[in-house]
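Descriptive analysis of the structure
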Amino acid sequence: MKEIVEQNLRRWLDSPRVKESDKETLKNMSLEELDDAFYKNIQFGTAGIRGVLGPGTNRMNYFTVEKATVGFGLYLQELYKDLDAIYVAISHDNRYFSREFTLKSAEILNDMGINTYIFDSLRPTPELSYAVRYKKCQGGIMITASHNPKQYNGYKVYDEEGCQLVPSKIARLIEIIASLPDELSVEIPYSDKKGVNEILGNDVDETYVKEVEKIVINKELDKKGFKIVYSPNHGTSYVNAMKVFEDEGYEVYPVEKQCSFDPNFAGTLSPNPEDPRAFIEPIKLAKEIGANQICMTDPDGDRVGLATLTKDGEYALITGNEGAALLLDYIINDKIKKGEDLSKYVVYNTVVSSSLGKKVCDYYGVRLESFLTGFKFIGDRIHHYEVNGGYTFLFGYEESYGCLASPFVRDKDGIQAILLYSELGLHYHKLGMDLTEAYTELCKKVSGKYYLSELFDIYFEGSEGQAKMDKIMETIETDPFLELKGKKVEVIENYFKLSKKNVKTGEVSEIPGLPKGDLVKFHFEDGTNIAIRPSGTEPKCKFYIEVVSDSKETAKNEPKELFEALKEILL
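Owing to the predicted nature of the structure, the values given are computational and were not obtained by experimental measurement. (Residues numbered from 1 in each chain as written. Predicted model: local features only at pLDDT ≥ 70, side-chain atom pairs only at ≥ 80, totals over all residues. Heavy atoms only, no water.)

For the protein, the count of helices and strands is 18 helices and 24 strands. In summary, the protein has a C-alpha radius of gyration of 24 Å against a globular reference of 25 Å for 571 residues, a match within 12%. When the backbone C-alpha atoms are referred to their principal axes, the protein occupies close to 65 × 55 × 50 Å. In the protein, which comprises 571 residues, the share counted as buried stands at 59%. For the protein, the proportion of contacts with a sequence separation of at least 24, taken over those separated by at least 6, is 69%. Taken as a whole, the protein presents about 23,200 Å² of accessible surface, with 49% of it coming from carbon and sulfur. (Helix = DSSP H or I, 4+ residues; strand = E, 2+ residues; numbered from the N terminus. Rg over C-alpha atoms; globule rule 2.2 N^0.38 Å. Buried < 20%, exposed > 50% of the residue type's maximum accessible area, 1.4 Å probe, protein only. Contact = heavy atoms within 4.5 Å. Areas by Shrake-Rupley, 256 points an atom, 1.4 Å probe, with all protein chains shown as cover.)

Put into structure tokens, the structure is as follows:
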């Protein structure tokens, strides 16, 4: 066992603060489990802290939550000197200990003299972002592990705009947390005047729903006969989603076994809309009732899954890239019908999103700005133009099944997404098309090619796994491959150094306007592109592979074949 693991383990076993039940758990863990639990301190990633629940320095537990909350409290006190004026909104999802971590966070902040708002029960991530803005708070906390498996939980922090902290802001928070004693020794800096904890009223729910419903583009579409199956994946969005569906007159059938707030996720094999297993039960119900479309939200309600009934009677899954491109086209065409000047608008996505998004924007003459992964960059850019003037927000999306249509929140919003995707599906249904046909036509219209994107993962557990993943990233950065299955690399974008290299000419240029990130992206001569990065929320390496081909048929096997070739090179 490595020295750091032994030291951390001994500290926990010797501490009077650690419950005896947790000490017994530690004593019964395997060497591999202990290594993963103690080889490092749990860290902020692309979406705050996220980790497996349990005892350990690299785990989500009362001690790691306490340290993060003390750090966040100190961060806010540094920014806002008037303690009476600091308010933090806190929400949580359906996971194990989510409510307990919420109450613990509120208690700690109150002890520090900071006022808090909490909901009476679980609420979605986008509503937490909205609550921060609605109540004019100075910060926010969301206890959630989003779409991760049931053994996970997490902790996201938000600024006064309801946006997750971007690197320039979170750097100071990380410094503060690093300056604190270890998680078992950190002390709460009690204030002479205790902060107040208030329960948020129904007005937050009601006004949030009203704002969502304003995004409807064509209220006149006849919804009769258009059936939708919906699943909240045991998560936070059920109440809001069903309210929105009812108000807008959609015929919706919820997957009842997935509507309970179950931390065990008993009714689904996966709560992740990116995982085909999440669609097993919704597809069963859809076939029973003859549904035209399936929508789902992930447990914290910021991501959305989508499936469409095809002409052969099966349900095809629509990826985040495909759905976003279709929605972008639909939104732009509405602006055209209204005679609006498209040059004033801006669309946001990420550098790992499908290149089809740029083709759509270029086709219509709409500005596109791309950022590193993490919706916080999009939220922050919306604020930038609001304060400094410039372009008007039109649409923002990530390939990871999240988008935003109206910026009254500053995070991706699954309720907004399912409402617009329902309208989108209905629109094409009236034209006699399913969404797969609509996507093919969109590709043909803006490019003449077919765009197929797939995401592949390789998991690396524990300290040895972390070392392997670090080695992969080091290899592709310092000694990148220049050819893969006969395809030649044309340009390499190195986000570690923010540099772009033309392989043929050797010319190197800067990538402007972005912070450094753990990402390398390869652009091939035939339009194929591959982006590789470590996940910021799970111990895995992510491979984003997009092929551009003459047809769906010629493209369908290429991503998998390229991934297998990559594994031979890197593993």
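Read on, since the account is not over.
It is worth spelling out the sheet that holds strand β11 (residues 304–309) at this point. In spatial order, the strands read β9-β8-β10-β11-β12; together these five strands make up an open sheet with mixed pairing. Two strands lie at the open edges of the sheet, namely β9 (251–254) and β12 (315–318), each paired on one side alone. Across the sheet, the mean angle from the axis of one strand to that of its neighbour is 25°, orientation sign disregarded. As paired strands, β11 and β12 are joined by four bridges and run antiparallel to one another. Along β12, the bridge assignment pairs L306 with I318. (Pairing = 2+ DSSP bridges. Axes fitted to C-alpha atoms, helices over the stretch in contact; angles between N-to-C directions.)

We now examine the pattern of salt bridges. By the definition in use, this model includes 48 salt bridges. Via salt bridges that share partners, K156, D300, D302, E398 and K412 belong to a single interconnected network. (Salt bridge = Lys/Arg side-chain N within 4 Å of Asp/Glu carboxyl O.)

This brings us to the sheet that holds strand β4 (residues 115–118). Ordered in space as β1-β2-β6-β5-β3-β4-β7, the seven strands form an open sheet in which the pairing is mixed. Looking along the sheet, the strands with just one partner apiece sit at the ends: β1 (44–45) and β7 (197–199). Here β1 pairs with strand β2 (residues 48–52) via two bridges, running antiparallel. Across the sheet, G45 pairs through a bridge with G48, a residue of β2. Strands in contact with helix α5 (residues 98–111) are β3 (87–92), β4, β5 (139–143), β6 (152–158) and β7; relative to β3, the strand with the most contacts, it is inclined by about 170°.

A surface patch of nonpolar side chains, amounting to about 280 Å² of accessible area, comprises Y62, Y96 and F97. Here F97 shows up in the loop between β3 and α5. With a relative accessible area of 39%, F97 lands in the partly exposed category. (Patch = residues over 30% accessible without salt bridge, like charges linked within 9 Å, V, L, I, M, F, W, Y side chains within 5 Å.)

Burial of β5 is extensive: five of the five residues sit out of reach of the surface. The side-chain alternation of β5 yields two buried faces, one formed by G139, I141 and I143 and the other by G140 and M142. Pairing of β3 with β5, which is carried by five bridges, proceeds in the parallel orientation. Considered in β5, the bridge of H92 is made with I143.

Its identity is not glycine, yet N233 carries a phi of approximately 55°, on the positive side. Structurally, N233 is set in the loop between β8 (227–231) and α9 (238–247). We classify N233 as buried; its relative accessible area is 0%. Located in the positive-phi region is Y401, a residue other than glycine, with phi close to 65°. Relative to the helices and strands, Y401 resides in the loop between β15 (392–398) and β16 (402–404).

Among the nonpolar cores identified, the biggest contains 119 residues, and V366, F395, Y421, F522, I532, F543 and L566 are the most heavily contacted of them. A total of nine residues in this core trace back to one element, the largest contributor, which is helix α14 (residues 414–430). If we ignore the near neighbours within four places in the chain, the residues touching F522 are I476, P480, F481, V489, V491, I492, T528, N529, I530 and I532. (Core = buried A, V, L, I, M, F, W, Y, C linked by side-chain atoms within 4.5 Å.)

In this structure, E220 sits in the loop between α8 (202–213) and β8. Taking the C-alpha atoms as reference points, E220 and P534, separated by 314 residues in sequence, lie 45 Å from one another.

Another point: the side chain of E66. The residue E66 is located in helix α4 (residues 62–79) in this model. For E66, a relative accessible area of 4% gives the class buried. Among the polar contacts made by the side chain of E66, one reaches the side chain of R17 at a distance of 3.2 Å. Each residue touching E66, except ones within four places of it in the same chain, is listed here: R17, K104, I108, E183, V186 and I188. (Polar contact = N/O pair within 3.5 Å; in protein donor to acceptor, adjacent residues only side chain to side chain.)

Looking at the element boundaries, L431 is found in the loop between α14 and α15 (435–446). Considering only alpha carbons, one finds L431 and K445, 14 residues apart in sequence, at a separation of 17 Å.

In this model α14 runs 24 Å from its N-terminal to its C-terminal C-alpha over 17 residues, within 8% of the 24 Å that 1.5 Å per residue would give. Among the 17 residues in α14, 15 count as buried, and that is most of the element. Positive phi appears at G432, one or two residues downstream of α14, with a value of about 80°. (Expected span 1.5 Å × (residues − 1).)

With that settled, consider the pairing of β11. By the criterion of burial, β11 is predominantly enclosed, with five of the six residues buried. Here strand β10 (residues 293–297) pairs with β11 via five bridges, running antiparallel. Paired with C295 across the two strands is L306, which belongs to β11. In this antiparallel pair of consecutive strands, β10 and β11, the connection spans six residues, and G301 shows a positive phi of 80°. Here β11 hands over to β12 after five residues, with G313 in that stretch at a positive phi of 85°.

What follows covers the state of the cysteines. For the coordinates displayed, the defined rule picks out zero disulfides. Distance from the sulfur of C259, which forms no disulfide, to the nearest cysteine sulfur (C295) is 13 Å. (Disulfide = S-S within 2.5 Å.)

Our focus in this paragraph is the packing of aromatic side chains. Per the counting criterion, the structure on display carries 22 aromatic pairs. When the ring of Y130 is compared with that of F408, the centres are 5.8 Å apart and the planes differ by 85°; the resulting orientation is edge-to-face. Within this pair, whereas Y130 is found in helix α6 (residues 125–134), its partner F408 is found in the loop between β16 and α14, the two being separated by 278 residues in sequence. You'll find Y130 and F408 in the same group, each marked buried. Aromatic ring contacts, followed pair by pair, group Y130, Y134, Y208 and F408 into a single cluster. Between the NZ or CZ atom of K223 and the centre of the ring of Y250, over which it lies, the distance is 5.1 Å. (Phe/Tyr/Trp six-rings, centres within 6.5 Å; stacked < 30°, edge-to-face > 60°. Lys NZ or Arg CZ within 6 Å of the ring centre and 35° of its normal.)

Taken by themselves, the reported measurements are silent on function.
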